[in-house]
Amino acid sequence: MFYKCFTSPPQIYHLTCDPEFLLSSTDFISKTAEPLHQCCTDSIAAFSKAMSTSTDLGEERCAGADGAGAPQPNGCQACHHEEEGAAGHGGPKFNPPVYSQRYALVQDVLRKHCVESVVDFGCAECKIIYFLKNVESMRRIALVDADLTVLKGGCKFVQPSVFEHVIPRPTPLRVSLFHGSAGDLDSRVAGVQAASLVELIEHLEPDVLEKVTHNVFGCLRPRLVIVTTPNADFNVLFPGFSGFRHWDHKFEWTREQFQQWCEGLCRQHGYAVSYTGAGDPPPQHTHLGFCSQAAIFTEASEKAGQQTEEKVYKLVHEEVYPYDQRTDAERLGNEIDYTIHRPCLMERYMSEDRAQIIIPVAHLMDHILNQPRSAHETKWTEGDVLGYLRSKYTVTDDGTSVVIQLQEDDSGSSQSSGDFSHHTEDNRDDLCPQLVERSCVEEEVWD
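Summary of the structure given here. Not measured: the values here are computed from a predicted model.

**Side note on the sheet that holds strand β10 (residues 314-321)**
Part 1 of the argument: The strand order across the open sheet formed by 8 strands is β8-β9-β7-β6-β3-β4-β5-β10, and the pairing between neighbours is mixed. This sheet does not close on itself; its edge strands, each paired only once, are β8 (271-278) and β10. Shown here is a sheet whose adjacent strand axes are inclined to one another by a mean of 15°, direction ignored.
Part 2 of the argument: The pairing of strand β4 (residues 140-145) with strand β5 (residues 173-179) spans 6 bridges and is classified as parallel.

**Points about unusual backbone geometry**
Part 1 of the argument: With omega at 5°, the peptide bond leading from asparagine 95 into proline 96 counts as cis.
Part 2 of the argument: Note that proline 96 resides in the loop between α3 (75-87) and α4 (98-112).
Part 3 of the argument: One non-glycine residue, cysteine 114, lies in positive phi territory at about 50°.
Part 4 of the argument: Relative to the assigned elements, cysteine 114 resides in the loop between α4 and β3 (117-121).
Part 5 of the argument: The phi angle at arginine 354 is positive, at roughly 60°, despite the residue not being glycine.
Part 6 of the argument: Topologically, arginine 354 is positioned in the loop between α12 (343-348) and β11 (356-360).

**As for the pattern of salt bridges**
Part 1 of the argument: According to the stated counting rule, one finds 16 salt bridges in the structure shown.
Part 2 of the argument: Salt-bridge contacts for glutamate 199 lead to arginine 102; the nearest nitrogen and oxygen are separated by 3.4 Å. Remark: arginine 102 occurs in helix α4 and glutamate 199 occurs in the loop between β6 (194-198) and α9 (206-220); sequence separation between them is 97 residues. This pair shows no difference in class: glutamate 199 is buried, exactly as arginine 102 is.
Part 3 of the argument: Of the charged contacts in the structure, one is a salt bridge between aspartate 248 and lysine 250, with a shortest N-O distance of 3.1 Å.

**Remarks on the packing of aromatic side chains**
Aromatic rings in a pair are described by how distant their centres are and how their planes are angled relative to each other.
Part 1 of the argument: Throughout the structure, instances matching the rule amount to 14 aromatic pairs.
Part 2 of the argument: Taking 6.1 Å as the distance between ring centres and 40° as the angle between the ring planes, the aromatic pair formed by phenylalanine 94 and phenylalanine 234 counts as tilted. Of this pair, phenylalanine 94 sits in the loop between α3 and α4 while phenylalanine 234 sits in the loop between β7 (224-230) and α10 (255-269), placing them 140 residues apart in sequence. Across the pair, exposure class does not vary: phenylalanine 94 and phenylalanine 234 are buried alike.

**Things to note about the environment of leucine 197**
Part 1 of the argument: Within the secondary structure, leucine 197 is located in strand β6.
Part 2 of the argument: The buried category is assigned to leucine 197, whose relative accessible area is 4%.
Part 3 of the argument: When residues no more than four places from it in sequence are discounted, the contact partners of leucine 197 are Phe121, Val212, Val216, Val225, Ile226, Val227 and Thr228.

**Considering the packing of helix α13 (residues 361-369) against helix α14 (residues 382-392)**
Part 1 of the argument: Viewed as axis vectors pointing N to C, α13 and α14 meet at an angle of 125°, and their least axial separation amounts to 10 Å. By the angle class used here, α13 and α14 are oblique. Our pair here, α13 against α14, has a crossing hand that is right-handed. Contact with α13, carried on its side by Val361, Leu364, Met365, Ile368 and Leu369, involves Glu382, Val385, Leu386 and Leu389 of α14 and no other residues of that element.
Part 2 of the argument: Tallied by class, the residues present in the contact of α13 with α14 amount to 8 nonpolar, no polar and 1 charged.

**Here we look at the side chain of serine 401**
Part 1 of the argument: Tracing the sequence through the fold places serine 401 in strand β13 (residues 401-408).
Part 2 of the argument: For serine 401, the residues in contact, after removing those within four places along its chain, are Ile358, Ile359, Pro360, Val361, Thr394, Val395 and Thr396.

**Some points on the nonpolar core**
The nonpolar side chains of soluble globular proteins are, as a tendency, buried together.
Part 1 of the argument: Counting 35 residues, the largest nonpolar core has Leu110, Ile141, Leu143, Val175 and Leu177 as its most contacted members.
Part 2 of the argument: Considering each element in turn, this core owes the most residues, 7 residues, to α4.
Part 3 of the argument: The residues contacting leucine 110, other than those within four sequence positions of it, are Val115, Val118, Leu132, Val135, Met138, Ala194, Leu224 and Ile226.
Part 4 of the argument: One finds Phe121, Phe178, Phe217 and Trp261 within the second-largest nonpolar core, a separate group that totals 33 residues.

**Describing the packing of helix α11 (residues 328-340) against α13**
Part 1 of the argument: Between α11 and α13, the least distance of the axes is 11 Å, while the angle of their chain directions is 125°. As far as their axial angle goes, α13 and α11 are oblique. Between α11 and α13 the crossing geometry is right-handed. Where α11 approaches α13, its residues Leu332, Glu335, Ile336, Thr339 and Ile340 are matched on the opposing element by Leu364, His367 and Ile368.

**A short note on the pairing of β3**
Part 1 of the argument: Of all 5 residues that make up β3, 5 are buried, and the element is covered over most of its length.
Part 2 of the argument: On β3, burial covers both faces: Ser117, Val119 and Phe121 on one face and Val118 and Asp120 on the other are all buried.
Part 3 of the argument: Pairing between β3 and β4: 5 bridges, direction parallel. For phenylalanine 121, the partnering residue across the bridge sits in β4 and is valine 144.
Part 4 of the argument: Direction of pairing for β3 relative to β6: parallel, over a ladder of 4 bridges.

**A look at α10**
Part 1 of the argument: A rise of 1.5 Å per residue sets the reference length of α10, with its 15 residues, at 21 Å; its end C-alpha atoms lie 21 Å apart and thus fit the reference within 8%.
Part 2 of the argument: When α10 is considered as a whole, its buried residues turn out to be Phe258, Trp261, Cys262, Leu265, Cys266 and His269. Around the axis of α10, the buried residues are gathered within 140° of arc, so they sit on the same side. With respect to the buried face of α10, the exposed residues turned more than 90 degrees away are Glu256, Arg267 and Gln268.
Part 3 of the argument: Where α10 is buried, its residues touch α9, β7, β8 and β9 (292-299).

**Some remarks on the state of the cysteines**
Part 1 of the argument: Scanning the model with the defined rule gives 0 disulfides in all.
Part 2 of the argument: No disulfide involves cysteine 262; its nearest neighbouring cysteine sulfur is the one of cysteine 266, lying 6.9 Å away.

**Looking at the environment of valine 118**
Part 1 of the argument: Position of valine 118 among the secondary structure elements: in strand β3.
Part 2 of the argument: Taking the C-alpha atoms as reference points, valine 118 and valine 225, separated by 107 residues in sequence, lie 9.4 Å from one another.

Conventions and cut-offs
Residues numbered from 1 in each chain as written. Predicted model: local features only at pLDDT ≥ 70, side-chain atom pairs only at ≥ 80, totals over all residues. Heavy atoms only, no water. Pairing = 2+ DSSP bridges. Helix = DSSP H or I, 4+ residues; strand = E, 2+ residues; numbered from the N terminus. Axes fitted to C-alpha atoms, helices over the stretch in contact; angles between N-to-C directions. Salt bridge = Lys/Arg side-chain N within 4 Å of Asp/Glu carboxyl O. Buried < 20%, exposed > 50% of the residue type's maximum accessible area, 1.4 Å probe, protein only. Phe/Tyr/Trp six-rings, centres within 6.5 Å; stacked < 30°, edge-to-face > 60°. Contact = heavy atoms within 4.5 Å. Parallel < 35°, antiparallel > 145°, perpendicular 65-115°, else oblique. Left-handed = near helix turned anticlockwise from the far one by under 90°. Nonpolar A, V, L, I, M, F, W, Y, C, P; charged D, E, K, R; others polar. Core = buried A, V, L, I, M, F, W, Y, C linked by side-chain atoms within 4.5 Å. Expected span 1.5 Å × (residues − 1). Arc of directions from axis to C-beta. Disulfide = S-S within 2.5 Å.

By themselves, these are just geometric observations and shouldn't be taken as functional.
As structure tokens, then:
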């Protein structure tokens, strides 16, 4: 059995498995562990490289950042060079980078609201996908950008990794990349529960911004909208700096200006708003707020979004992720079978004459029921566990112990009378060696 820990990057998946179980498994493990370990390690390395090579703290999105008009020529490269020059002025550094903190903020908000579908406008290179797909409840992700070239380059980031095939998601997930404008309504994104606009609005001319907000808040009307934009109040912390943080920015708002804009949207479209941000200021400058300010809009009215049959976006790429299709009963059975047949557990509770194993039911209950589970996963009860034990194993009359009779084979070694061989055979594809955590040191720039 493998335990997955879904954490907000920059941390990476931690996968652990019982070494005793691996060592006691069939010869299949020894033949496949090293190649599989190398594949998973390469996948982690690719992730780390992808995250470390982003141009700046989120402005990798600006290549087609307007999301509602023609993409800027050579946007990513120009943005990178501009940021390198600006970073030379000095000022605060962030670890993890602010762009990563913004993505993590979006992930945390979506997770808190148990969102199942989201559209991200101005996705550019699609690296936000690493955060969106780790929301356990997520089933549908749409990434939209106006720059077709950058979108095509981002296709590789949305592909399932090696370990996502080995250890599939608990729920289905479809990821779609669309070439189009954030100001247009497409039937394939209509009805999403959430929308995110990360460092997008400051790239839009006033008339385009109005069109985009009308589409998002007036037509699409998701129950949750997340908007981030640079905080102009924070710019005083960059010595000798003047102007905007990026050459393509049409404006940069103070917190007061941003909040006035947000409250106007709430009054017009029936939303409530709260404020947060990414990139903490130095302790002596907390009055300036976050480096990047964020607004979280939640629907305050019952008004439904607009329906349409039009498909105005061009589908660039789509991925359907593998997922665990076992029923809840099958998952519980596999969990119990694995726990009972762990070599260390069987040795611990073996009788002195080595004729039987007597495992306390309380031990199994503690192990099965106290495992951390996400909100969408089934919470098993003591009755579920005891019911399976009685159907598959011998349970004492008082219900306190599971008794497994051992039989000697021709070689004289003891074997469990329960048939566990089919579990080992069926679950060979689920076996994976421990993945080593890799951290990525990223050069910091501050937009």
